[in-house]
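# Structure assessment
Residue-level listing of the chains:
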Amino acid sequence: MVAQWLFAASLAAAASGFGLTTSENYYTVDTGTDLVFQVRRTDLGDTSTSIGGINSILWKGEEYMETPGRDSHINSGFDWLYLDTTEVSVDAETIGDDIIKITVVGGQLTHYYIVKKGESKIYMGTHWSLMSTVKTGIRYLFRLNAYKVGDGPIEGDVRDPRNESVQLPFIEASDVFGVHDGTTRSKHYTNDRMMDWKYMGSKGDNVGMWVVRATHEGGCGGPFFRSTQIQIRPDTCEITYILNYNHANMEDFRVGSLYQYTYVVNDGEAPDTDIDYTFYKDLNLVGFVGAEGRGAVSCPSVEPRAADRDYVAHIRNEHAQYWAYVNAATGGFDIEGVVPGEYELIVYRVEFEVYKTQRIVVAAGTTTTLEAISIPVDPNDRENIWRIGEWDGTPQELRNGLNVTNMHPSDVRLESWEPDTYVIGVDTPAKFPCYMWKAINNYRYIQFKLTPDQVTQRLVVRIGTTTAYNSARPTVIANTKQMPSLEVGPHPATRSLTTGSYRGLNAMYEYEIPASAWNPADEDQTVIIVLTGGNSNAGFLSPGMSIDAIDLVYYVEPTAAPATYVPTAAPATPVPKTSAPATKAPSTLSPETEAPVVEATLAPAAAATPEPVTASPSTDAAAPAAAAFLQAALLVVAAVALAW
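Residues numbered from 1 in each chain as written. Predicted model: local features only at pLDDT ≥ 70, side-chain atom pairs only at ≥ 80, totals over all residues. Heavy atoms only, no water.

When you go through the chain residue by residue, the secondary structure sums to 2 helices and 40 strands. Counting all 644 residues of the chain, 57% fall into the buried class. Summarising the internal contacts of the chain: among those between residues at least 6 apart in sequence, 73% fall at separations of at least 24. (Helix = DSSP H or I, 4+ residues; strand = E, 2+ residues; numbered from the N terminus. Buried < 20%, exposed > 50% of the residue type's maximum accessible area, 1.4 Å probe, protein only. Contact = heavy atoms within 4.5 Å.)

Okay, here's the thing in structure tokens:
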């Protein structure tokens, strides 16, 4: 490896400027700037390198690849994408005077490295006609030297703050880590909603290395999908750009698009995200569709809308997805650059589906103009007796809801998951936990009053969930009467609540409460939310769900099909009434398909304010919390390492 770097450095020193150099083992590209990189041409026969991977990145003559070195490439290498394919081809060419293109083909996946003279960028394109049959997803993983570019998001920094040459201990699987002060870190907690981020990366002394995304049209998960971005280990900074990913995903993987993104190197400033890919049209790239081959969608208005809430329009089919905010002033939206085809349209209030249609046709060179959209049903408009939270497809207004995407539920910065009885008219939504688990905080009590007229009415308890884990579903006990269970709604096959994502499939569970269940009007009424389903996994890996909103409403005959999923009745075993949460039991393996999961419990959650937690970890955690964490960490058995 040292010899390889010396070889690369000598090439950089001898280079006279922009150009492509071919040797027996490498293509070396000088961008005509301070950026020089190498792509591997031959297989060394080990598991850390592969043909087509980047094995050297020089910036101002200094090497920035991982030490000891592993290549940067798709998944675990271009030779391990398909079960029946191990051969990989890599070819390079100079196009005109100012473009270099390197093409890597592994099975049914084609990847491009493209350079424009005078730009310190590596333009990329990835196309596949079949999803990987080895990995459950497709990503490009950049492996960089953490000693040189280790200034990234602290949520993903898994080096021990007391000694950065040591990695933190696992507390769940092999990808969630605990700090001695009871805080938590993971690559999963560096996530953002897909529509909210344009670039990711890490910095060092006078250097920044970034990945800038384009439209994400060929990806999966929709505008609110969250996934891992960056992990910083003692020697490696891993920047992971997810193209298609199974983690907490509820969509089929898309195929057939040319996925466009760019690796940018600079002196440490935020990268320019307005990257022009129009020159791709002259490069003969598989799957590329230029502007002249695309269309657009336009809608003059979406009404009615809540004045203080975002609305998002989203179109999708099996090949592509696009989205845009509804303009707050005009009420309309425009989605441009759409590949021709037939699409489904969804409109969200924040992240909750309030409108859906099955067919929008887009043709090249034209704009499909829709009629004004009238939202038929918004559950927030339903007359209610009481409501906890808001029907917005997120748990953010509930307890811990602002923080669960960037820390583990056991993190000491979070408030207790087991508050006492919620009293309507006294408590605020910030008291009700945003997540429920069968083994952590089951049986949530809500206390309220009803008028003499209300106790004779047909009333409905509605429970909204944004995702579920391990076949969890809610049911209801009204005073002493248990309601029949509903079916389990669709949910991801992987972890979600413990890995920074509440985004699954929104579901609304509706339980009609007979008048016979209510106490007399002068007495307190109690509704108990009970979580059922799943197996006996313990702790935060037991069956769990994310809460959107809970309310008590008057029964009305439905007049329109809801845009969100509404589970129907299903047989279920009775849920015993209890007055205390379920007992916490030792951890066991998760049934999910991604990898065996082992959980260790951190110190008990400490009280905290509900405002968003800053990125800096706590430095004054109590000694008992640290001791409890260290004791728990010693109990963690060796977990099977996640390839992801």
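Turning our eyes to something else, we now look at the sheet that holds strand β6 (residues 73-74). In sheet architecture, strand pairing relies on hydrogen bonds along the backbone and comes in two forms, parallel and antiparallel. Taken together, 4 strands build an open sheet; the order of strands is β6-β11-β20-β19 and the sheet is antiparallel. Lying at the two open borders of the sheet, with one neighbouring strand each, are β6 and β19 (230-232). (Pairing = 2+ DSSP bridges.)

Attention shifts here to the packing of aromatic side chains. Considering all chains together, one arrives at 26 aromatic pairs under this definition. With a centroid separation of 6.0 Å and 70° between ring planes, the pair formed by F352 and W391 is classed as edge-to-face. Within this pair, whereas F352 is found in strand β28 (residues 352-362), its partner W391 is found in the loop between β31 (384-389) and β32 (422-423), the two being separated by 39 residues in sequence. Just as F352 is buried, W391 falls in that class too. One aromatic cluster in this structure is built from Y123, Y277, F279, Y280 and F288. In this structure, K116 packs its charged tip against the face of F279, placed 4.5 Å from the ring centre. Above the face of the Y555 ring, R458 is positioned so that its terminal group lies 3.9 Å from the ring centre. (Phe/Tyr/Trp six-rings, centres within 6.5 Å; stacked < 30°, edge-to-face > 60°. Lys NZ or Arg CZ within 6 Å of the ring centre and 35° of its normal.)

Checked against the element boundaries, D392 lands in the loop between β31 and β32. The side chain of D392 is buried and forms no salt bridge, while R309, the nearest opposite charge, is found at 5.5 Å. Among residues more than four places away in sequence, those in contact with D392 are R349, V350, E351, F352, E397 and D548. (Lys, Arg positive; Asp, Glu negative; His and termini not counted. Salt bridge = Lys/Arg side-chain N within 4 Å of Asp/Glu carboxyl O.)

The next subject is the pattern of salt bridges. Under the criterion given, the structure shown has 36 salt bridges. Linking R193 and E351 is a salt bridge whose minimum nitrogen-to-oxygen distance equals 3.0 Å. In this pair, R193 is assigned in the loop between β16 (184-186) and β17 (199-204) and E351 in the loop between β27 (341-349) and β28, connecting sequence segments 158 residues apart. Bridged by salt links that share partners, the residues D308, R309, R349, D378 and E390 form one connected network.

Spatially, β14-β15-β16 is the arrangement adopted by the 3 strands of the open sheet, whose pairing is antiparallel. Bordering the open sheet on either side are β14 (170-172) and β16, each of which pairs with just one other strand. On average, adjacent strands in this sheet sit at an angle of 40° to one another, irrespective of strand direction. Alignment of strand β15 (residues 176-178) against β16, held across 3 bridges, turns out to be antiparallel. Across the sheet, the residue bridging to F177 is R185, located in β16. (Axes fitted to C-alpha atoms, helices over the stretch in contact; angles between N-to-C directions.)

With that out of the way, let us pick up unusual backbone geometry. Each neighbour pair has its own omega, and for E303 with P304 the value is -10°, a cis peptide bond. Looking at the element boundaries, P304 is found in the loop between β23 (302-303) and β24 (311-316). The phi dihedral of N479 falls on the positive side, at around 55°, and the residue is not glycine.

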